[in-house]
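In case you want the letters, here they are:
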Amino acid sequence: MSTQTLPEVDTRPEGTDTTGDDTPKMFHYVRKDKITESAVTGKMVVALCGEVFPVTRSPKPGSPVCPECKRIYQNLPGDE
């Protein structure tokens, strides 16, 4: 089994798993450089947790965040 290192990941939450009214159930962390591309072209993005989806919504303060994405993001090395 091998370990992969993410290159300088700069992320922000993006939504997936929509409810019946098209409101995302939770938001995932996605590389910022992929968000605009996905929003414009519809190209799929890969969240830190591995979820694959097109960007369709932006989070609002207090929006629920994927617990796995949050755990991975908090364990990434920061700029110190």
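The paragraphs below set out a description of the structure included in this document.

What counts and what doesn't
Residues numbered from 1 in each chain as written. Predicted model: local features only at pLDDT ≥ 70, side-chain atom pairs only at ≥ 80, totals over all residues. Heavy atoms only, no water. Patch = residues over 30% accessible without salt bridge, like charges linked within 9 Å, V, L, I, M, F, W, Y side chains within 5 Å. Areas by Shrake-Rupley, 256 points an atom, 1.4 Å probe, with all protein chains shown as cover. Salt bridge = Lys/Arg side-chain N within 4 Å of Asp/Glu carboxyl O. Helix = DSSP H or I, 4+ residues; strand = E, 2+ residues; numbered from the N terminus. Buried < 20%, exposed > 50% of the residue type's maximum accessible area, 1.4 Å probe, protein only. Polar contact = N/O pair within 3.5 Å; in protein donor to acceptor, adjacent residues only side chain to side chain. Contact = heavy atoms within 4.5 Å.

### Notes on a nonpolar patch on the surface
Taken together, the side chains of M44, V46 and V52 present a nonpolar region at the surface, about 270 Å² in accessible area. Residue position: V52 is located in strand β4 (residues 52–54). Overall, V52 belongs to the partly exposed group, its relative accessible area being 44%.

### Remarks on the environment of G50
As for its placement among the helices and strands, G50 is situated in the loop between β3 (44–46) and β4. With relative accessibility at 42%, the residue G50 sits in the partly exposed group. For G50 and C69, which are 19 residues apart along the polypeptide, the C-alpha to C-alpha distance reads 8.6 Å.

### Notes on the environment of C49
Its place among the elements puts C49 in the loop between β3 and β4. Sequence separation between C49 and Y73 is 24 residues; the distance between their C-alpha atoms is 9.4 Å.

### Re the side chain of S38
You can see S38 is positioned in helix α1 (residues 32–41). A residue is classified by how much of its surface remains accessible, and S38, at 1% relative accessible area, is buried. There is a polar contact of 2.6 Å between the side chain of S38 and the backbone oxygen of K43. Looking at S38, its side chain comes within polar contact range of the main-chain nitrogen of V55, at 2.8 Å. If we skip the residues at most four places from it in the chain, S38 touches K43, V45, P54 and V55.

Function-wise, these values are silent; they only describe arrangement.
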